[in-house]
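Close look at the chain arrangement
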Amino acid sequence: MSALPPAPRPGRPNVPHPRWTGKPLRRLTAGELAEALEYLERHRPDDDVLGRALAGEFARRTAAEHHAFHFD
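This structure is a prediction, so every number in the text was calculated from the model and none was measured.

Thresholds applied
Each chain carries its own residue numbering, running from 1 in the written order of its sequence. Per-residue local features are limited, in this predicted model, to residues with pLDDT of at least 70; the limit for side-chain atom pairs, both in listing and counting, is 80 or more; totals at the level of whole chains, interfaces and linings are taken over all residues. Calculation of side-chain values draws on the structure's entire complement of heavy atoms; hydrogens and water are dropped beforehand. When a carboxyl oxygen of Asp or Glu is within 4 Å of a side-chain nitrogen of Lys or Arg, the pair counts as a salt bridge. Only DSSP runs of H or I covering at least 4 residues are called helices, and only runs of E covering at least 2 are called strands; the numbering of each starts at the N terminus. With a 1.4 Å probe rolled over the protein chains alone, any residue whose accessible area is under 20% of its type maximum counts as buried; one over 50% counts as exposed, and the rest are partly exposed.

Some thoughts on the pattern of salt bridges
Note on pairing: side chains with opposite charge can pair once their charged atoms come close. Under the defined criterion, the tally for this structure stands at 6 salt bridges. For E32, the salt bridge identified is with R19, shortest N-O distance 3.8 Å. In this pair, E32 is assigned in helix α1 (residues 30-43) and R19 in the segment before α1, connecting sequence segments 13 residues apart. Residue E32 is joined to K23 by a salt bridge in which the shortest nitrogen-to-oxygen separation is 2.9 Å. Take K23: its relative accessible area is 26%, and that puts it in the partly exposed class. Put simply, R19, K23, E32 and E35 are held in one network by salt bridges that share partners.

Below, the structure written as structure tokens:
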């Protein structure tokens, strides 16, 4: 992920960027990952590479939380 916010798209109002924009993937919380996946699906559904990266990280985090919850 880039540290710079994406340029505004023509014809769209200048909407503030979500708080997770520009954060490294490893620093996103599980909630931010879920929000990013929803945002990506609404605004850039063809970005398969980013979608897979976000989904993979979200799956790893939720699996780790599930594992820690049941075996501690």
